[in-house]
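# Descriptive analysis of the structure
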Amino acid sequence: MDIDAILTGISLIVAPESLLLIFVSVVLGVVVGALPGLSSSMAVALLLPFTIGLNPVLAISMMAALYCAGTFGGSITAILINTPGAPPAVATSFDGYPLAQRGEAGRALGMAAVSSVIGGVFSLVVFIVAAPLLAKVALKFRPQEYFALTLFGLSMLAAISGRSALRNLIAGALGVLVSTVGIALVTGTERFTFGIPVLYDGIDFVPVLIGIFAISELLGQSQAVDKAKERIRSVALRLPSREDFRRCRATIMRSSVIGTLIGILPAEGTTVAAIMGYNEARRWSKHPEEFGTGAIEGVAGPEAANNAGTGGAMVPTLALGIPGSGTTAIILAALMMHGLRPGPYLMRETPEFLYAIFTAMLLANVMFLVVGLAGVKLFSLITLIPRTFLWPAVFVFALIGAYAYRQNPLDVWVMLISGLVGFFALRQGFGPAPFVMGLVLGSLLEKSWSQSMIIFDSNWLRFFESPICNLFFALTLLSLAGPLIGKGLGRIAQVGMRAFPRRSTLEE
Amino acid sequence: MAGGGGASFAPHRFDRSDLAVAAVLLAICAVLYWDTTRWPAVPETLAQNAPPTTFPRLLIGSVAIMALMLPFERVMKERNGGSLLIGGQARARPIVFVTAAVITLAVYGLPILGALPVMIATSVLLPLLWGERRYLPILLFGVGLPIAVTLLFALGLKVNLGFGWAGALFR
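Reading the values: rules and limits
- Residues numbered from 1 in each chain as written.
- Chains lettered and ligands numbered in written order.
- Predicted model: local features only at pLDDT ≥ 70, side-chain atom pairs only at ≥ 80, totals over all residues.
- Heavy atoms only, no water.
- Helix = DSSP H or I, 4+ residues; strand = E, 2+ residues; numbered from the N terminus.
- Rg over C-alpha atoms; globule rule 2.2 N^0.38 Å.
- Buried < 20%, exposed > 50% of the residue type's maximum accessible area, 1.4 Å probe, protein only.
- Contact = heavy atoms within 4.5 Å.
- Areas by Shrake-Rupley, 256 points an atom, 1.4 Å probe, with all protein chains shown as cover.
- Salt bridge = Lys/Arg side-chain N within 4 Å of Asp/Glu carboxyl O.
- Buried area = accessible area lost by both parts, 1.4 Å probe.
- Polar contact = N/O pair within 3.5 Å; in protein donor to acceptor, adjacent residues only side chain to side chain.
- Nonpolar A, V, L, I, M, F, W, Y, C, P; charged D, E, K, R; others polar.
- Axes fitted to C-alpha atoms, helices over the stretch in contact; angles between N-to-C directions.
- Parallel < 35°, antiparallel > 145°, perpendicular 65-115°, else oblique.
- Core = buried A, V, L, I, M, F, W, Y, C linked by side-chain atoms within 4.5 Å.
- Domains from an automatic or database assignment.
- pLDDT = per-residue confidence, 0-100.
- Expected span 1.5 Å × (residues − 1).
- Left-handed = near helix turned anticlockwise from the far one by under 90°.
- Bend = angle between axes of the 7 residues up to and from the residue.
- Phe/Tyr/Trp six-rings, centres within 6.5 Å; stacked < 30°, edge-to-face > 60°.
- Lys NZ or Arg CZ within 6 Å of the ring centre and 35° of its normal.

Scanning chain B from terminus to terminus reveals six helices and zero strands. Starting at the N terminus and walking to the C terminus, you meet the elements of chain B as α-α-α-α-α-α. Rg of the C-alpha trace for chain B: 26 Å, well past the compact-globule value of 16 Å for 171 residues, more than 25% over. Along the three orthogonal principal directions, the C-alpha set of chain B runs to about 75 × 60 × 25 Å. Across the 171 residues in chain B, those meeting the buried criterion constitute 38%. Once local pairs closer than 6 in sequence are excluded, the contacts in chain B between residues at least 24 apart make up 60%. Accessible surface, chain B as shown: approximately 9,700 Å² in total, 70% of it carbon and sulfur.

This is how it looks when you write it as structure tokens:
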């Protein structure tokens, strides 16, 4: 273990300025997470232009801290007003809100905070152990293996949270297609520029990210109807009692493992982790009938899982350059914006980077527990901010942020067009996260494909000479055909069960 | 096929919005493919087995195939007893288009008027447009937020806001 790198990484983060910026990111993350409609993906996208002048390590640390805190923040409104501030907190509301209605909001919030911290810290331990190992393996990857890995990452879009696997895949492919706009690096050919000079340099992803996360959501919010929410007033976050902790410890540990593993899978996000965490908590519970009516494990399970997902998602992002979730796709874009090359070389050339991110995320986990304990009453009030002021403020930040990125008015138009297209695409079921993943991974996919073609002398069959390629191709097929295989197996199981005269335990 | 599975094999109609989305995607693919045919030919020595058209055409082909499959996704889900809820079934309300028009005007006006007036205008107009009628908070918000954002970007982040009519303030 490189002690120098560890110490350098830690020293980058424990400087007063860094600590302050991480604290600000944590507070911002909790606020954004708690506000329904505002997501941590959007906040990270809006934060991008602010970080241009910062040290890249600090910029990425701020985003990672915001990501962690935003994931926890969603639970506050999920528990207090039954409106998850962010999608990963949806499962938390199933039992968190009934607990709050029973006058146990503080108990639910306390369990949410502690489970989140445990899940987050567990995933960070996995992150710090797994990322360098994965990077070491990835260093042996040749372009063909990178192509197969990126293809696998994109194929996982078929399985990410979203209602239509096909639409996710189309959005991802369109994102890759958009990444090809501009002058081709190998041949210097203008591609999809339609003679417009400003497209020669390609479409930069920062204004696109701001547009599709902020502007499309703003347009959606413009037609939202204000609903009067039943507000739980007496709130004071309470740390879990020994009895609650004893009851939930197995759930927390199980969800931490599930969340971390789901997070590590390319493209799978914290929402999937939370739902799986909730389902497993119910499945293993001695009192599954209590779920939905205010079971404390129903809060611990999803919260440990969704925060564990954040550390897990950082593993492929930093070790392989393949985002583990929608938000980490933006973090990946930020790495590129700061001129860093995500992937194993980043780890080899600047190992202190990994330790700095680890320290920042660890601190963020501790900070949001403290911030949550101290300020839960305040955060519960932020839902009172009227939509009529909140979203215009988001627009102002998006407008000036898109301009500030390169100080180019064209970027503001790119942001606007992306937002308008994103709004109508979203209405047709095309999610922003798959598109962003395609956009961010597009250049890597094409570069590795081009390099492979050069190596293979255009013989495609040589992809199958590599066992690693074959593994990733098999995983790609599995993830694409997963839903069909699952249905097929389900049918076979049902047919098999019908053959039994009595209902089998499996059917029950 | 008759018998028990009759209900599940009943003819399912394609959803019109799915057909429309598929048609739009195919049209986009057609235009993009046509564009690839206009790109100048690259000598083989320069292309090095990776001509500039191949990768985009592969992608266009993939999108076109998936677009053709799109209408069947809902049919298959419904046939299996599920449903494909993608949202957006209701028409977008007029306020969406008015908001889109206002923000488009703001983007158009940004280089002409400068950052501060555009931010003030949108911070006042959007709340009014969305039904806010508390005029004092609108005024405070409409002036306070743009000034704070301007100070943050112009002084804190050293972003050059010296463009447009109001740019003189920052030059």
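Glancing now at the pattern of salt bridges. Under the counting rule described, the total for this entry stands at 19 salt bridges over all chains. Put simply, Arg247 of chain A and Glu297 of chain A hold a salt bridge, and the shortest N to O gap is 3.1 Å. Placement of the pair is Arg247 of chain A in helix H10 (residues 242–264) and Glu297 of chain A in helix H12 (residues 297–319), with a sequence separation of 50 residues. Residue Arg247 of chain A is classed as partly exposed on the basis of its relative accessible area of 29%. Relative accessible area serves as the criterion here: at 6%, Glu297 of chain A is assigned to the buried category. Notably, a salt bridge pairs Arg134 of chain B with Glu132 of chain B, separated by 2.6 Å at the nearest N-O pair. By relative accessible area, which is 46% here, Arg134 of chain B ends up partly exposed. Put simply, Arg167 of chain A together with Asp15, Asp18, Glu73 and Arg74 of chain B are held in one network by salt bridges that share partners.

Residue and element names in this part refer to chain A. Within the secondary structure, Ser452 is located in helix H18 (residues 432–456). Using a relative accessible area of 0% as the deciding quantity, one classes Ser452 as buried. Dropping the residues within four chain positions of it, Ser452 is found in contact with Pro143, Gln144, Phe147 and Phe463.

This brings us to the interface of chain A and chain B. Counting from both sides, the interface comprises 68 residues of chain A and, opposite them, 77 residues of chain B. Summed over both partners, the interface of chain A with chain B buries about 6,300 Å², with 76% contributed by carbon and sulfur atoms. When residues of chain A are sorted by the area they lose upon contact with chain B, Leu166, Phe389 and Arg427 of chain A head the list and together hold 10% of the total. The interface formed by chain A and chain B contains two salt bridges. Linking Asp18 of chain B and Arg167 of chain A is a salt bridge whose minimum nitrogen-to-oxygen distance equals 2.8 Å. On inspection of chain A and its partner chain B, the count reaches ten residue pairs in polar contact (both at pLDDT 80 or more). Of all the elements in the fold, those that place two or more residues in the side of chain A that touches chain B are helix H8 (165–179), strand E2 (190–191), helix H9 (205–222), helix H16 (387–406), helix H17 (409–427), H18 and helix H19 (467–498) of chain A. Taken together, the residues of the side of chain A that touches chain B break down into 44 nonpolar, 14 polar and ten charged.

Residue and element names in this part refer to chain A. Contact geometry for H12 and helix H15 (residues 351–381): axes closest at 12 Å, N-to-C directions at 170°. Relative to H15, the element H12 is oriented roughly antiparallel. Between H12, through Asn307, Thr310, Gly311, Met314 and Leu318, and H15, the contact on the second element is made entirely by Phe353, Ile357, Met361, Asn365 and Phe368. Counted by class, the contact of H12 with H15 contains six nonpolar, four polar and no charged residues.

The nonpolar side chains of a soluble globular protein tend to be buried with one another. Formed by 188 residues in total, the largest nonpolar core has its most connected members in Val26, Val30, Ile76, Phe127, Leu318 and Ile357 of chain A. Viewed by domain, this core spans two of them, domain 1 (7–79) and domain 2 (94–170) of chain B, each represented by three or more residues. Dropping the residues within four chain positions of it, Ile76 of chain A is found in contact with Val30, Ala34, Leu109, Val376, Phe379 and Ser380 of chain A.

Further remarks concern the confidence of the model for chain A. Residue and element names in this part refer to chain A. Mean pLDDT over chain A stands at 85; residues scoring 70 or higher make up 90%. When pLDDT is averaged over each helix and strand of chain A, the minimum, 70, is found for H19 and the maximum, 93, for H17. In the model, residues 495–508 has pLDDT below 50 throughout and makes four contacts with residues more than four positions away in sequence or in other chains.

Our next topic: H10 of chain A. Helix length check: H10 of chain A (23 residues) gives 32 Å between terminal C-alpha atoms against 33 Å at 1.5 Å per residue, within 8%. On the buried face of H10 of chain A, the contacting elements are helix H6 (105–138), helix H11 (270–284) and H12 of chain A.

Turning our attention to the packing of helix H2 (residues 16–34) of chain A against helix H4 (residues 56–81) of chain A. A packed helix pair is summarised by two numbers, namely the angle formed by the two axes and the spacing between the axes. Residues and elements named next belong to chain A. With their axes 6 Å apart at the nearest point, H2 and H4 run at an angle of 35° to one another. The element H2 and its partner H4 pack so that their crossing is right-handed. Between H2, through Ser18, Leu21, Ile22, Ser25, Val26, Leu28, Gly29, Val30, Gly33 and Ala34, and H4, the contact on the second element is made entirely by Leu58, Ser61, Met62, Ala65, Leu66, Ala69, Gly70, Phe72, Gly73, Gly74, Ile76 and Thr77. Residue classes in the contact of H2 with H4 are distributed as 13 nonpolar, nine polar and no charged.

For the rest of this paragraph, the subject is H15 of chain A. Taking 1.5 Å of rise per residue, 31 residues should cover 45 Å, and H15 of chain A covers 41 Å from first to last C-alpha, within 8% of that figure. At Gly375 of chain A, H15 of chain A shows its maximal kink, close to 80°.

What follows is about the packing of aromatic side chains. Residue and element names in this part refer to chain A. Considering all chains together, one arrives at 20 aromatic pairs over all chains under this definition. With 5.8 Å between their ring centres and 75° between their planes, Phe141 and Tyr146 make a pair best called edge-to-face. The exposure class of Tyr146 is buried, given its relative accessible area of 11%. On the numbers, 6.0 Å between centres and 25° between planes, the contact of Phe152 with Phe472 is stacked. Of this pair, Phe152 sits in helix H7 (residues 143–155) while Phe472 sits in helix H19, and the two are 320 residues apart along the sequence. Assessed through its relative accessible area of 8%, Phe152 is described here as buried. Phe472 gets classed as buried once you look at its relative accessible area, which sits at 11%. One aromatic cluster is present, built from ring pairs that chain together Phe147, Phe456, Phe463, Phe464 and Phe473. Above the ring of Phe430, the side-chain terminus of Arg167 is found at 5.7 Å from the ring centroid. The ring of Tyr345 is capped by Arg341, whose NZ or CZ atom sits 4.4 Å from the centre of that ring.

Here we take up the environment of Asp411 of chain A. Residue and element names in this part refer to chain A. Examined against the element boundaries, Asp411 turns out to sit in helix H17. The class for Asp411 is buried, based on a relative accessible area of 1%. Counting along the chain gives 153 residues from Asp411 to Ile258, while the straight-line C-alpha distance between them is 40 Å. When near neighbours in sequence (up to four residues on either side) are disregarded, Asp411 contacts Pro207, Ala402, Tyr405 and Arg406. Polar side-chain contacts of Asp411 include one of 2.8 Å to the side chain of Arg406.

All names here are of chain A. Look at Phe192: it is not a glycine, yet its phi comes out positive at around 55°. Phi at Phe194 takes a positive value of approximately 50°, unusual for a residue other than glycine. With respect to the secondary-structure elements, Phe194 resides in the loop between E2 and H9. By relative accessible area, Phe194 is classed as partly exposed at 37%.

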